[in-house]
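# What the coordinates show
Here is how the chains run, residue by residue.
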Amino acid sequence: MNNPYVPLLWLMGIAAVLALGGVGASAIIGPKRYNRAKLEAYECGIQPTPHAIGGGRFPIKYYLVAMTFIVFDIEVVFLYPWAVSFVELALFGLVAMLVFLVLITVPFVYEWRRGGFEWD
């Protein structure tokens, strides 16, 4: 009486051991020759600019683009499996997806009102 998840757990365990082992081995075995150039921030080969006091502020446009990306990802993640099994879900699936689409329009309306879709 084997549990069908045992091979998956083994795979996850092996992956974790390999990932942590690689990071640990590189920290122990890797060269540690630090100099001023390696410790500075890299900005495409030019001299790095000083940061603003308090770390600086990003414009709201940056966050709106990120939110648009996340909303589209969530939409695709839920719409694709629904479209694949549309026949089996019947009316319940249709109503659930309509509710999801109504809820997913809330961030789109927010972005639209904040000017997230206006590219200057």
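Figured I'd write up the structure that's included with this text. Nothing here was measured: the structure is a model prediction, and the numbers come from that model.

### Describing the overall build of the chain
Across its full length, the chain holds four helices and zero strands. Along its sequence from the N terminus, the chain presents helices and strands in the succession α-α-α-α. Expressed as a percentage of the 120 residues in the chain, the buried residues total 12%. Summarising the internal contacts of the chain: among those between residues at least 6 apart in sequence, 65% fall at separations of at least 24.

### Looking at the environment of Val71
Tracing the backbone shows Val71 in helix α3 (residues 60-84). In this structure, the C-alpha to C-alpha distance between Val71 and Pro107, residues 36 residues apart in sequence, is 7.5 Å. In this structure Val71 touches Ile104, Pro107 and Phe108, once residues within four positions along its chain are discounted.

### Quick word on the side chain of Thr68
Mapping Thr68 onto the fold places it in helix α3. Among all residues touching Thr68, those that are not within four sequence positions of it are Glu111 and Phe117.

Thresholds applied
- Residues numbered from 1 in each chain as written.
- Predicted model: local features only at pLDDT ≥ 70, side-chain atom pairs only at ≥ 80, totals over all residues.
- Heavy atoms only, no water.
- Helix = DSSP H or I, 4+ residues; strand = E, 2+ residues; numbered from the N terminus.
- Buried < 20%, exposed > 50% of the residue type's maximum accessible area, 1.4 Å probe, protein only.
- Contact = heavy atoms within 4.5 Å.

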